[in-house]
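Survey of secondary and tertiary structure
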Amino acid sequence: MAEDLAAALGTLAADPSRRPLLVALDFDGTLAPLQDDPSASRILPDGVDALERLAGTPGVAIALVSGRAMHDLHTLAQVPPGTFLIGSHGAERARVTTFGLDRDVVRLTDEQADRLASLGAEAARITRGRDGVWVETKPTAVVVHTRLAEDSVARPAEEEAIALGERLGSGVLHGKDVVEISVLRASKGEALTALRDELGAPVVLYAGDDVTDEHAFEALRDDDLTVKVGPGETAARFRVDGPDQLVATLAVLADEL
């Protein structure tokens, strides 16, 4: 863990006026190493322990902020009760309870539902004849995945998906090997800001690895702790090499608190 990040964590933990603290984290590539098969993603075991310790600390709230649909995020993420789950880049939200999910229901207008169906049909046409390209349908969006495709196949598929989104979608997010086309306007930054305001959190620690996480970094304040996981240009204040180092950072924060 970088020395300046360690110092920032120590300062944060020593100041009780900076509570409640919201610890918000992306899932894939941040808490869970990236997998070719998205269903194989799991939080690193040490990460499960760190989240449990943080969730049990007075004045600390935990949230996962992911592009995954809420159902998938809840199924794959081992998180303690009380954790907020923000799925579909902010379009879905729930809170984990001992008995399941206490979730906000997403309701589409008839026009949005029709547009979502059209997006699904046209996105399916983009995948035809392209090995390693597939479509995922979410409650508010359609996603074209290209992680398993050769670059020569992935690039034109993503370009066509972006063009489709500009024509039929309300929002287009181009992340790592994915193009997500939503019929609702949502972003991780907007969702994170709304949660922070509800909790009255003076400080947010947010970590993420993808292009879509930049929306969250940019929406946060200069005195928040923003952490880029892995390489790439970023608006984050700090950087760690990968999920292992991010999980170690969370363990240090739990120790300091």
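First, a word on what this report is: a plain description of the structure on this page. As the structure is a computational prediction, the values presented were derived from the model and not from experiment.

1. Some thoughts on the pairing of strand 5 (residues 100-103)
Examined bridge by bridge, strand 4 (residues 92-97) and strand 5 share 4 bridges and lie antiparallel to one another. Bridge pairing in strand 5 places Ala-94 opposite Arg-103. Linking strand 4 to strand 5, which pair antiparallel, is a turn of 2 residues.

2. Examining the sheet that holds strand 1 (residues 21-25)
As summarised here, the arrangement of the 8 strands in space is 5-4-3-2-1-10-11-12, forming an open sheet in which the pairing is mixed. The sheet is open, and its two edges are formed by strand 5 and strand 12 (238-240), each paired on a single side. Here the average twist between neighbouring strands, direction ignored, is 25°. Sheet topology places strand 11 (residues 225-229) next to strand 12; 3 bridges connect them, and they run parallel. Along strand 12, the bridge assignment pairs Val-229 with Val-240. Contacts from helix 2 (residues 45-55) reach strand 1 and strand 2 (60-65) within the one sheet, and its direction differs from that of strand 2 by about 140°. Across the face of the sheet, helix 8 (residues 243-256) comes into contact with strand 1, strand 10 (203-208), strand 11 and strand 12 while running at roughly 165° to strand 1.

3. Digging into the sheet that holds strand 7 (residues 141-145)
Each strand in a sheet pairs with another by means of backbone hydrogen bonds, the pair being arranged parallel or else antiparallel. An order of 6-7-9-8 is seen for the 4 strands of this open sheet, with the pairing classed as antiparallel. Single-partner strands in this sheet number two, and they are strand 6 (134-137) and strand 8 (171-175). Going from strand to strand, the sheet's axes swing by 15° on average, the running direction of each strand aside. Pairing between strand 6 and strand 7: 4 bridges, direction antiparallel. Paired with Val-135 across the two strands is Val-144, which belongs to strand 7. Contacting strand 7, strand 8 and strand 9 (178-182), helix 5 (residues 151-168) runs over the sheet at an angle of about 15° to strand 9.

How each quantity is defined
- Here, residues in each chain are numbered from 1, in the same order as that chain's written sequence.
- Residues qualify for local features only when their pLDDT is at least 70, as the model is predicted, and side-chain atom pairs are given and counted only at 80 or more; totals for whole chains, interfaces and linings, by contrast, use all residues.
- Side-chain metrics rest on all non-hydrogen atoms present in the structure, leaving aside hydrogens and water.
- Note on pairing: two strands pair once DSSP finds at least 2 bridges between them.
- Numbering of helices and strands runs from the N terminus; a helix is a DSSP stretch of H or I covering at least four residues, while a strand is a stretch of E covering at least two.
- Throughout, an axis means a line fitted to C-alpha atoms (over the contacting stretch in the case of helices), and angles, computed between N-to-C directions, take values from 0 to 180 degrees.
- Between two residues, a contact is recorded if the distance between any of their heavy atoms is within 4.5 Å.

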